[in-house]
Amino acid sequence: MEFVSPEGLRLDGRRPTEMRQIRAELGAVAKADGSAVFEMGNTKVVAAVYGPREVQNRSQLLNDQALVRCEYSMANFSTGDRMRKPKGDRRSTEISLVIRQAMESCIMTHLMPRSQIDIFVQVLQADGGTRSACINAASLALADAGIPMREIVTSCSAGYLNSTPLLDLNYVEDSAGGPDVTVGILPKLDKVTLLQMDSKLPLDIFETVMQLATEGCKAIAKELREILLDNTKQLEFRRGG
Amino acid sequence: MLHTKSFVKKSRAGKITKVVREHYLRDDIYCGASDCKLCDSKDARLTASHASPILVIDTNVVLNQIDLLENPAIEDVVLLSIVLEEVKNKNLSIYNRLRALCNSSKKFFVFSNEHHKDTYVKQMEGETKNDRNDRAIRVAAQWYQTHLSGAARVLLITNDRENKRKAVEEGICAETIESYVKSLGRPDLLDQLVHPSTEDVNMEEVEDLRPSKRKIIYSEHKPMSEITSGLHRGIYHQGKLRVNRYNPFEAYVGSESIGDEIIIYGRSNMNRAFDGDIVAVELLPKDQWHEEKSLAIAEEEDDEEEGVHLVPGSADDAPRTTSQCESETTLASSRPSGRVIGVIKRNWHSYCGSLEPMPLPAGSGGVAHALFVSKDRRVPKIRIQTRQLENLLDKRIIVAVDSWDCLSRYPSGHYVRTIGEIGDRDTETEVVLIENDINSRPFSSQVLACLPPLPWSVSPEDLSNPIRQDLRHLRVFSVDPPGCKDIDDTLHCTALPNGNFEVGVHIADVTNFVHPGTPLDDEASQRGTSVYLVERRIDMLPKPLTEDICSLRADVERLAFSVIWEMTPEADIISTRYTKSVIKSSAALSYIEAQARMDDSRLMDPLTTDLRNMNVLAKIMRQRRIERGALTLASAEVKFQIDTETHDPLDIGMYQIREANQMVEEFMLAANVSVAEKILKEFPLCSLLRRHPTPTREMLEPLLRTAAAVGLNLDVSSSKALADSLDSAVGNDPYFNKLIRILATRCMTQAVYFCSGDLSPPEYLHYGLASPLYTHFTSPIRRYADVIVHRLLAASLGIYKLPTVFQDRPQLTSIADNLNYRHRNAQMASRASVELHTVIFFRKRPTDAEARIVKIRANGFIVFVPKYGIEGPVYLNQKSEKGGGEWFVDEQEQKIKKMDGTLSFSVLQAVNIHLEVVEPQPNRPKLQLTLHI
């Protein structure tokens, strides 16, 4: 199938190195300590953060650092065909783990020993790139909760179809069976916290694809910073400062 | 700007889901006019001017008039992305042609109207998809008009009346393709126009003066829904229709559902299907299974007689013997026959041929209807209309098929282009190339850019490269046909102190220059093989590679891939070594020179000694191979002597095989087998090998029947048994044995390439060579298969990584299929080229020659002329007095006798034949054989 036309347009009209539209909102879940909705085109994710709070299960308590827990789920209505999504299936366990590991690398857990931070992410609408969207949403929610972090983690995916590296695959491109590289970085420190790939890629091409995904992460980081800044300004304004 | 498309889709399982997709609209899509002030004109291809308008064409125009669009006269065309998409959904081959046009130097510009913010239109309530797309085309045309605002004329070309009306209402200039082409004032373009079928029917009415005679010739095709349900219920069978190359009234449909071939006799049962079409077939009732045959013969009468042609090299080239049906009277009921009830997928393309001779109509310049006869006999005559009849009558032309109405006897088509005059050597050669789908275009600049800079020589890096062994000290030489420029194999043979021999085969290291994934590699894999015609060669790789950089010429250093054995004097292989190397050939010998050196007992120089040693080893290897059951098959290869000035053939004769040929061949076989073993061991699932299927008894039937007629009993139980009985088949006639071998060869199918993962190991067998494994390694300059094998071997030695293609088995299989296809076409083309030159040769010199009867027919016999390697019919009866006459045929005994008993001919008997070129119709020369008593 032709995913990139010879004119250089993808199926949805983007060029190969263009991302989908990003929209984000903080404080979407009133009860949570911090929350965010993150949208990337038609992929929409809500994240809620609770904590730092007392460790619920004593046996998991860590004496020198905070316990970070993460739960990923997909809403039944998130895909085209509505079906019951069982909790704790392989895929969601894996993504939960991936998100947890990515977030743990940026949270200053040593400042909050013997406590627990819960991150809940739910996919409201899935259109490819849910993994990255979840990490971005979790980053925003953590920031909203005021949890001390070294930096925000941002993530973006890139693929390789029709011999062209493509940034930010949507569902149609994702299900083409080509390689799908998801990268998570700490943009200022320039460190990679997450790197996953499906399918196979020759090494030299992989490098260009990963480079593209990293560029995407950086662009998202810029966007997220602006959103956070806007939000802070608004809070400041409301306080009447 | 973002816009969301949402639609409801039904999945194959019948589930209904809502699909939501994003659709981005952009402001950075440019109009493509080179002097547009608003747009970025970096990629602009259109020149806007008032004289020639910018054409916006609609989908149906593209689908019907693609040949016209390919004409260089049609320029400045805007292709909307919606049009491309519709074309792609309707006809992929036209889409590919259209894409090729956009990439060529023609001024075609693709405008992505669907993603442009001003030209995107949303489907309105109650509007069908077609109407929406038509509207999108109009909106885009309008946008162009306002965007270029007077800088150029924009013309919407549409044949849809409604669309045109609406366009004019909206203030867009719109015309039909006919009126546009007429306004150009070019009659040759008008010929390329496809006329709508409604018009066609009208013309036929005019044509046929007796309306009562107008009847339905073919039955209506069943609607698609009925076919699918019929296929489901198993009453219809689906398959690809293959028309018998030698009898266009007989076709086969290989059906999976029935597990056997369904025979279709006669045009009416074929029901307008072409060769290569995917058709749905209904089986005829059993009692009609044989009846149809006689019907087919009756219909055949108006067809031309069988021509003289080259002797077939294998069963694939040979006609499906019609004599089969004689013996099949009892078997007839076992072969199902059927009739086509619908065509699922058409395989129409353009065909090469000429117009059927006809008197010129009184008034020239008007529209004339003519029948086109394709060179490919499998294709029926095609009706075309032309305004340049007198021009075309003596030309070879290309014609494309448009439609075939069930009221008309012949399909209707249109003229595409002229190749040249009939009978002209260049024209006919081009016809051969086109017919066999051979790309003879010069290599593109991208391909040539992949070549290393010239003059090339072995660099110090190559020499110091650890993977490359320096073998320049070895006395390496090559033995090839005289005048060979693309030398891809060399040999060496050194006596070792322990009495053994080190024998090496060094093959040009093509993969050092042809890297996977480059345009050069893509082109080579498409071409598949070099094609050798009588007077020219069409290379697989560009000339600098074939004749210089890779050619292992004498006294120059070249890169090679070597297979080196240590052999005992009894030709037992002790060890095998594979390495990339640098060699320096010391002599490029021809077969004749090599043979002369070996035969001349006075010569004792080292090179000659090497040659003699090798020859001794080769003889032992050959003997051993024959003992294993390898067949020594014979072919009637001929060789032309070509005049260097005029390129006309001066003389033809049989190709002589010398000991030196056999010696080189033996070592090449050994190298191929060694490499096959190595790569299969390393890559059991993705190696490219070559196999030769064991012929079935059925296939050998014609041979057995002929042999039985002369009282010879052949044992065909195994290749060994066959080889032995062929050896013992010696008659009192020196040529007898060779004749039997030639007959045996043509019963077998050709060897084919395959991917080792697709078959099980016992099927890897190469029957003819009696080798369990075989591949092609020794000619990478002229065969792409060898390039692949070189890569595999390099990977198995750990020199390079295995290219990614090899991990994808379906792709590898498709490469193997393409190689087989190209290989076969290349052979057909060389044969056709030889046939062509044979006719040219005999045109000036009618000759008498001795010939052998190979088959007895009802009205004559088929003879084989060994000297010229040709085969053709000799008619004893005149065509008109069919069946009767003074000759009596005994089919069982394969004898033909004169009624008065004065003359009788039997199979394999020698007769004297007179060869002459006759022109029964002007410009249609053909070779005729007559009995010369």
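Residues numbered from 1 in each chain as written. Chains lettered and ligands numbered in written order. Predicted model: local features only at pLDDT ≥ 70, side-chain atom pairs only at ≥ 80, totals over all residues. Heavy atoms only, no water.

Within an unreviewed UniProt entry, the label attached to chain B reads Exosome complex exonuclease RRP44 homolog A, and the organism entered is Cannabis sativa. Per UniProt, chain B carries the Sequence similarities (unreviewed entry) text "Belongs to the RNR ribonuclease family." Reading the Subcellular location (unreviewed entry) entry of the UniProt record for chain B gives the comment "Nucleus". (UniProt positions renumbered as here; feature names shortened; annotations may be inferred.)

With an unreviewed UniProt entry as reference, chain A is termed Exosome complex component RRP41 homolog, source organism Cannabis sativa.

*Asks:* Sorry if this is basic, but what is going on with the overall build of chain A here?
*Replies:* Helix and strand content of chain A: four helices and nine strands. Along chain A, helices and strands appear, N-terminal first, in the series β-β-β-β-α-β-α-β-β-α-β-β-α. The buried share of chain A, reckoned over its 241 residues, is 50%. Relative to all contacts within chain A whose residues are 6 or more apart in sequence, the contacts with residues 24 or more apart total 67%. Of the accessible surface of chain A, which amounts to about 11700 Å², a share of 50% is contributed by carbon and sulfur atoms. (Helix = DSSP H or I, 4+ residues; strand = E, 2+ residues; numbered from the N terminus. Buried < 20%, exposed > 50% of the residue type's maximum accessible area, 1.4 Å probe, protein only. Contact = heavy atoms within 4.5 Å. Areas by Shrake-Rupley, 256 points an atom, 1.4 Å probe, with all protein chains shown as cover.)

*Asks:* I keep staring at the packing of helix H15 (residues 425–435) of chain B against helix H27 (residues 809–844) of chain B and nothing clicks. Help me out?
*Replies:* All names here are of chain B. One way to put it is that H15 packs onto H27 with a least axis distance of 9 Å and a crossing angle of 155°. It follows from the interaxial angle that H15 and H27 lie roughly antiparallel. The handedness of the crossing between H15 and H27 comes out as right-handed. Contact with H15, carried on its side by Arg425, Glu428, Thr429 and Val432, involves Ala829, Ala832, Leu836, His837 and Ile840 of H27 and no other residues of that element. Here the contact of H15 with H27 is built from residues that sort into five nonpolar, two polar and two charged. (Axes fitted to C-alpha atoms, helices over the stretch in contact; angles between N-to-C directions. Parallel < 35°, antiparallel > 145°, perpendicular 65-115°, else oblique. Left-handed = near helix turned anticlockwise from the far one by under 90°. Nonpolar A, V, L, I, M, F, W, Y, C, P; charged D, E, K, R; others polar.)

*Asks:* When you look at the interface of chain A and chain B in this model, what are you seeing that I'm missing?
*Replies:* Accessible area lost during the coming together of the parts is what is often quoted as the interface size. Chain A puts 22 residues into the contact, and the matching count from chain B is 21 residues. Between chain A and chain B, a total of about 1600 Å² is buried, with carbon and sulfur atoms accounting for 45% of that surface. At the surface where chain A touches chain B, the tally comes to four salt bridges. With a closest N to O distance of 2.9 Å, arginine 99 of chain B and glutamate 7 of chain A form a salt bridge. Here chain A and chain B share seven residue pairs in polar contact (both at pLDDT 80 or more) between them. (Buried area = accessible area lost by both parts, 1.4 Å probe. Salt bridge = Lys/Arg side-chain N within 4 Å of Asp/Glu carboxyl O. Polar contact = N/O pair within 3.5 Å; in protein donor to acceptor, adjacent residues only side chain to side chain.)

*Asks:* Any chance you could explain the sheet that holds strand S3 (residues 43–54) of chain A here in plain terms?
*Replies:* In sheet architecture, strand pairing relies on hydrogen bonds along the backbone and comes in two forms, parallel and antiparallel. Residue and element names in this part refer to chain A. Pairing is mixed in the open sheet, where five strands are placed in the order S1-S2-S3-S5-S4. A single partner strand is all that each edge strand has here, and the edge strands are strand S1 (22–26) and strand S4 (67–74). On average, adjacent strands in this sheet sit at an angle of 15° to one another, irrespective of strand direction. With seven bridges connecting them, strand S2 (residues 34–40) and S3 associate as antiparallel partners. Each residue of the ladder has a partner; that of valine 37, found in S3, is valine 46. (Pairing = 2+ DSSP bridges.)

*Asks:* Please clarify how the side chain of arginine 10 of chain A should be interpreted in this entry.
*Replies:* All names here are of chain A. Tracing the sequence through the fold places arginine 10 in the segment before S1. Within polar-contact distance, the side chain of arginine 10 engages the backbone oxygen of arginine 15 at 3.3 Å. Within the structure, arginine 10 has its side chain in polar contact with the side chain of glutamate 173 (distance 2.9 Å).

*Asks:* Would you explain the pairing of strand S14 (residues 350–355) of chain B in this entry?
*Replies:* A regular strand places its side chains on the two faces of the sheet in alternate fashion. Residue and element names in this part refer to chain B. Counting buried positions along S14 yields five of six residues, so the element is predominantly enclosed. Strand direction decides the pairing type here: S14 and strand S17 (residues 395–403), joined by four bridges, are antiparallel. From the neighbouring strand, tyrosine 351 faces S17, where its bridge partner is valine 399. With three bridges joining them, S14 and strand S15 (residues 368–374) adopt antiparallel strand pairing.

*Asks:* I tried to follow unusual backbone geometry on my own but got confused; where do I start?
*Replies:* A negative phi angle is the norm for most residues apart from glycine, just as the trans form is the norm for most peptide bonds. Put simply, glycine 51 of chain A and proline 52 of chain A share a cis peptide bond, and its omega is 0°. Within the chain, serine 199 of chain A stands out as a residue other than glycine whose phi angle is a positive 65°. Within the secondary structure, serine 199 of chain A is located in the loop between strand S9 (191–198) and helix H4 (203–239). Residue serine 199 of chain A is classed as partly exposed on the basis of its relative accessible area, which comes to 43%. The phi torsion at arginine 272 of chain B lies on the positive side, around 70°, for a residue other than glycine.

*Asks:* I tried to follow the packing of aromatic side chains on my own but got confused; where do I start?
*Replies:* Aromatic ring pairs are described here by two measures, namely the spacing of the ring centres and the angle between the planes. Residues and elements named next belong to chain B. Scanning all chains against the criterion turns up 11 aromatic pairs over all chains. Here the aromatic rings of tryptophan 143 and tyrosine 144 are separated by 5.3 Å at their centres, their planes lie at 90°, and the arrangement is edge-to-face. Of the residues examined, tryptophan 143 reaches a relative accessible area of 11% and is grouped as buried. Ring-pair connections join several aromatic residues into one group, and the members of that group are Phe274, Trp348, Tyr351 and Trp404. Its guanidinium or amino end placed over the ring of phenylalanine 443, arginine 527 lies 4.1 Å from that ring's centre, counting from NZ or CZ. Cation over ring: arginine 690 sits above tyrosine 753, and NZ or CZ is 4.6 Å from the ring centre. (Phe/Tyr/Trp six-rings, centres within 6.5 Å; stacked < 30°, edge-to-face > 60°. Lys NZ or Arg CZ within 6 Å of the ring centre and 35° of its normal.)

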